[in-house]
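In case you want the letters, here they are:
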Amino acid sequence: MSSTQLKTQLKEAQQQLRAYQARMTHLEALLLHQPRSQDDHHQRYSIFDNLLEHCQIISFDWRYLYVNNSAVFHSQRSQNALIGYTMMECDPHIEKTALFPALQRCMQERCIERIENEIISADGNSTWFELTIQPVPEGVLMLSHDITARKKMEEALHLSEEMFSSAFHVGPAGLTI
């Protein structure tokens, strides 16, 4: 694939990312203006049930209060195996990830965090996610989506540019482009 094609694909991926971020901003605004329902977290957050993005509500004691269908599918667990359990019970290694300090900052400082996080599955496959974490009255709201394709395109573009640069610098003095 040529450098121009990679740049075009990367530009398209960046446009998709901007559209996703605009959508998340809109959903976050809707969430903040919904009436509180202390009795039923699921009813309050049902707007997120069928989003393609993963949505999780984590309480101040690190328990899953809500997970949408996409998050359940990605976790490969049932909703009952997540709701009411702590993140540490569901993933004993969570505190050692790059994600956890961002969750802690958001939980403690009540700030918004946006990060990219790589998850390596048991079979060695790598999946990249972009996450937006923000405070909500119950703890934190975490929205995420898979950006693996974009990361692979960025890596391919980087390698292509390295090869071009190497060929240009190592090649004969009369190289013409």
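Cut-offs used in this document
Residues numbered from 1 in each chain as written. Predicted model: local features only at pLDDT ≥ 70, side-chain atom pairs only at ≥ 80, totals over all residues. Heavy atoms only, no water. Salt bridge = Lys/Arg side-chain N within 4 Å of Asp/Glu carboxyl O. Helix = DSSP H or I, 4+ residues; strand = E, 2+ residues; numbered from the N terminus. Buried < 20%, exposed > 50% of the residue type's maximum accessible area, 1.4 Å probe, protein only. Pairing = 2+ DSSP bridges. Arc of directions from axis to C-beta. Contact = heavy atoms within 4.5 Å. Axes fitted to C-alpha atoms, helices over the stretch in contact; angles between N-to-C directions. Phe/Tyr/Trp six-rings, centres within 6.5 Å; stacked < 30°, edge-to-face > 60°. Lys NZ or Arg CZ within 6 Å of the ring centre and 35° of its normal.

Q: I tried to follow the pattern of salt bridges on my own but got confused; where do I start?
A: Opposite charge on two side chains allows them to pair when their charged atoms are near. A full pass over the atoms with the stated rule returns seven salt bridges. Ionic pairing is found between glutamate 154 and arginine 150, a salt bridge with its closest N-O pair at 3.1 Å. Taken together, the residues glutamate 154 and arginine 150, both in helix H6 (residues 148-170) and four residues apart, mark about one turn of the helix. The class of arginine 150 is buried, set by a relative accessible area of 8%. Residues joined by salt bridges that share partners form a network here, namely Glu116, Arg150, Lys151 and Glu154.

Q: Is there a simple way to explain the pairing of strand E3 (residues 113-120) in this structure?
A: As judged from the eight bridges shared by E3 and strand E4 (residues 126-136), these two strands associate in the antiparallel manner. Residue glutamate 116 lies in a different strand from E4, and its bridge partner there is glutamate 130. Taken together, E3 and the strand that follows it, E4, pair antiparallel across an intervening segment of five residues, in which glycine 124 is found at a positive phi of about 90°.

Q: Is there a simple way to think about helix H5 (residues 99-109) in this case?
A: Side chains that are three or four residues apart share a direction in an α-helix, a result of its 3.6 residues per turn. Inspection of H5 places Leu99, Phe100, Ala102, Leu103, Cys106 and Met107 among the buried residues, and these make up the whole buried set. The buried residues of H5 occupy one face: seen down the axis, they fall within an arc of 160°. Facing away from the buried side of H5 by over 90 degrees, the exposed positions are Gln108 and Glu109. In this structure, the buried side of H5 is in contact with strand E1 (54-59), helix H4 (87-90), E3, E4 and strand E5 (139-146). Phi for arginine 110, located one or two positions after H5, is positive at around 55°.

Q: Honestly, the sheet that holds E3 in this entry has me stumped. Any pointers?
A: Sheet strands pair by backbone hydrogen bonding; their relative direction is either parallel or antiparallel. Read from one edge to the other, the open sheet built from five strands follows the order E2-E1-E5-E4-E3, with strand pairing classed as antiparallel. Edge positions in the open sheet fall to strand E2 (64-67) and E3, since each of these has one partner strand only. Geometrically, the sheet is characterised by an average inter-axis angle of 25° between neighbouring strands, direction not taken into account. Pairing of E1 with E5, which is carried by six bridges, proceeds in the antiparallel orientation. Pairing of glutamine 56 across the sheet is with methionine 142, part of E5. Sitting on the sheet, H5 touches E1, E3, E4 and E5, and the angle it makes with E4 is about 10°.

Q: Can you walk me through the packing of aromatic side chains in this structure?
A: Aromatic ring pairs: the centre-centre distance and the angle between the two ring planes describe each pair. By the definition in use, this model includes one aromatic pair. For the pair tryptophan 62 and phenylalanine 100, a centre-to-centre distance of 4.9 Å together with 40° between the ring planes defines the contact as tilted. Residue tryptophan 62 is located in the loop between E1 and E2, and its partner phenylalanine 100 is located in helix H5; the two are separated by 38 residues in the primary sequence. According to the relative accessible area criterion, phenylalanine 100 is buried, its value standing at 3%. Taking NZ or CZ as reference, lysine 151 lies 4.4 Å from the ring centre of tryptophan 128, over its face.

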